[in-house]
Amino acid sequence: MAKLELVYFAWVRERIGRARESIETQAATPLQLIEELSARDERYGAALSDVSALRVAIDQELADFDTKLTGAREVAFFPPMTGG
Amino acid sequence: MRICVQSEPFNIAKELQGFGAGRGDIGAVVSFSGLVRDDSGHLQMLEVEHYPGMTEKSLSSCAQEAVTRWELADVLVIHRFGRLQVGAPIMMVATAARHRNAAFEAAEFLMDYLKSRAPFWKREITAQGTQWVAAKDSDEAALARW
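Criteria and thresholds
Per chain, residues are indexed from 1 in the order of the written sequence. All chains are assigned letters beginning with A, and all ligands numbers beginning with 1, in the order in which they are written. In keeping with the model being predicted, local features are shown solely for residues with a pLDDT of at least 70 and side-chain atom pairs are shown and tallied solely at 80 or more, while totals for entire chains, interfaces and linings include all residues. Neither water nor hydrogens contribute to the side-chain values; these are computed over all heavy atoms in the structure. Under the scheme used here, helices are H or I runs from DSSP no shorter than 4 residues and strands are E runs no shorter than 2 residues, and both carry numbers assigned from the N terminus. All radius of gyration figures rest on C-alpha atoms, and the globule criterion is 2.2 Å times the number of residues raised to 0.38. Only protein chains enter the accessibility calculation, which uses a 1.4 Å probe. A residue is then buried if its area is under 20% of the maximum for its type, exposed if over 50%, and partly exposed in between. Accessible areas in this description were obtained via Shrake-Rupley with a 1.4 Å probe; residue shielding takes into account the shown protein chains only. Counting rule for charge: Lys and Arg are taken as positive, Asp and Glu as negative, and neither His nor the chain ends is counted. Here the site of a charge means NZ on Lys, CZ on Arg, CG on Asp, or CD on Glu. Contacts are assigned to residue pairs that have any heavy atoms within 4.5 Å of one another. Put simply, buried area is the surface a 1.4 Å probe can reach on two separate parts but cannot reach once they are joined, added for both. The working definition used for a salt bridge is a side-chain nitrogen of Lys or Arg within 4 Å of a carboxyl oxygen of Asp or Glu. Any pair of nitrogen or oxygen atoms within 3.5 Å is treated as a polar contact; in protein, a donor-acceptor pairing is required on top of that, and neighbouring residues in sequence qualify only through side-chain atoms on both sides. Only when DSSP finds a minimum of two bridges between them are two strands counted as paired. Throughout, an axis means a line fitted to C-alpha atoms (over the contacting stretch in the case of helices), and angles, computed between N-to-C directions, take values from 0 to 180 degrees. One less than the number of residues in a helix, times 1.5 Å, gives the span that helix is expected to have. The disulfide definition used here is simple: a pair of cysteine sulfur atoms within 2.5 Å.

Turning our eyes to something else, we now look at the overall build of chain A. Along chain A, the regular secondary structure elements total 3 helices and 5 strands. For chain A, the C-alpha radius of gyration of 12 Å lies close to 12 Å, the compact-globule estimate for 84 residues. The principal-axis extent of the C-alpha atoms belonging to chain A is close to 35 × 25 × 20 Å. Of all 84 residues assigned to chain A, the portion counted as buried reaches 48%. On chain A, roughly 4100 Å² of surface is accessible, and the fraction owed to carbon and sulfur atoms is 46%. With 10 positive and 14 negative side-chain charges, chain A shows a spacing of 4 Å between the two charge centroids.

What follows deals with the interface of chain B and chain A. Contacts between the two partners involve 26 residues from chain B and, on the opposite side, 21 residues from chain A. Roughly 1900 Å² of surface becomes buried between chain B and chain A when both sides are summed, with 56% attributable to carbon and sulfur atoms. Viewed at the interface, chain A and chain B are joined by 2 salt bridges. The partner of Arg13 of chain A in a salt bridge is Glu49 of chain B, and the shortest N-O contact between them spans 2.5 Å. Here chain B is connected to chain A by 14 residue pairs in polar contact (both at pLDDT 80 or more). Where the side of chain B that touches chain A is concerned, the elements lending two or more residues are strand 3 (43-50), helix 2 (54-69), strand 6 (89-97), helix 3 (100-117) and strand 7 (120-126) of chain B. No other element matches helix 3 of chain B, which puts 5 residues into the side of chain B that touches chain A.

In this section: the sheet that holds strand 1 (residues 2-8) of chain A. Two strands in a sheet stick together by hydrogen bonds in their backbones, pointing the same way (parallel) or opposite ways (antiparallel). All names here are of chain A. Taken in spatial order, the 5 strands make up an open sheet running 2-1-5-3-4, and their pairing is mixed. Of all strands in the sheet, those with a lone pairing partner are strand 2 (20-25) and strand 4 (61-63), marking the two edges. The mean angle between the axes of side-by-side strands here comes to 30 degrees, regardless of whether they run parallel or antiparallel. In the packing of helix 2 (residues 30-40) onto the sheet, the strands contacted are strand 1, strand 2, strand 3 (55-58) and strand 5 (74-78), and the crossing angle to strand 2 comes to about 100 degrees.

Turning next to the sheet that holds strand 8 (residues 129-132) of chain B. Residues and elements named next belong to chain B. Strand order across the open sheet formed by 4 strands is 5-3-7-8, with antiparallel pairing between neighbours. Unpaired on one side and paired on the other, strand 5 (82-85) and strand 8 mark the two borders of the sheet. Neighbour-to-neighbour, the strand axes of the sheet open up by a mean angle of 25 degrees, direction not taken into account. As defined by bridge partners, strand 7 adjoins strand 8 across 4 bridges and the pair is classed as antiparallel. Bridging across to strand 8, Thr126 finds its partner in Gly129.

Below, the discussion takes up helix 3 of chain B. Its 18 residues place the ends of helix 3 of chain B 25 Å apart at the C-alpha level, agreeing with the 26 Å of an ideal helix rising 1.5 Å per residue. Residues of helix 3 of chain B that are buried in the fold lie against strand 2 (28-35), helix 2, strand 4 (72-80), strand 6 and helix 4 (137-142) of chain B.

Bringing the state of the cysteines into the picture now. All names here are of chain B. This model, assessed by the stated rule, comprises 0 disulfides over all chains. Here Cys4 is not cross-linked by a disulfide; its sulfur's nearest cysteine counterpart is in Cys62, at 15 Å. What makes Cys4 buried here is its relative accessible area of 14%. The exposure class assigned to Cys62 is buried, which follows from its relative accessible area of 11%.

Dropping the structure here:
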């Protein structure tokens, strides 16, 4: 089991109902992490089920949903960015 | 190179004063400023959320990339977060170079990148409620040319 800090932004944060949390996980990728979280509570499914509407960052770098989480400390889920 | 992520308002003219000044090798300064636009006629405020830490990193690496691709003498990026008034500046980029082509292109590159790669999210606040601004496919597509 690895310890991970999860952070959420914008409507992902609102649907999950919190901005951050610490979890223990066996997930090897963000996609597996989403499956694991969705099985825990339906709010995660509501926020994270459609990955085409999501972005993920691992340790504050944009990543893919099948990037390995080996050594990761912080994973962030959020909608596509709307800066500028 | 200067990167600022701040909630405080900024003054575009003031920021440009002195940018690229006092040196003999700069022939061109280009700047772009983004203002809070009210498309519906009902916008009360625009709220900008960001990812502290990652925001600064992604803006810096974006500016670094611009410096690598074009011969730039200086780069300035300012982006605000928090609640912003209609008409207020949200962000600005400025580039300084020997010639104008590099300055124009680098400024466009910075804009295209920070629109869909820097972790900011906009939410419109109106009397009817609040709504997250959806990302545009055209913004993502704009990255393809770089």
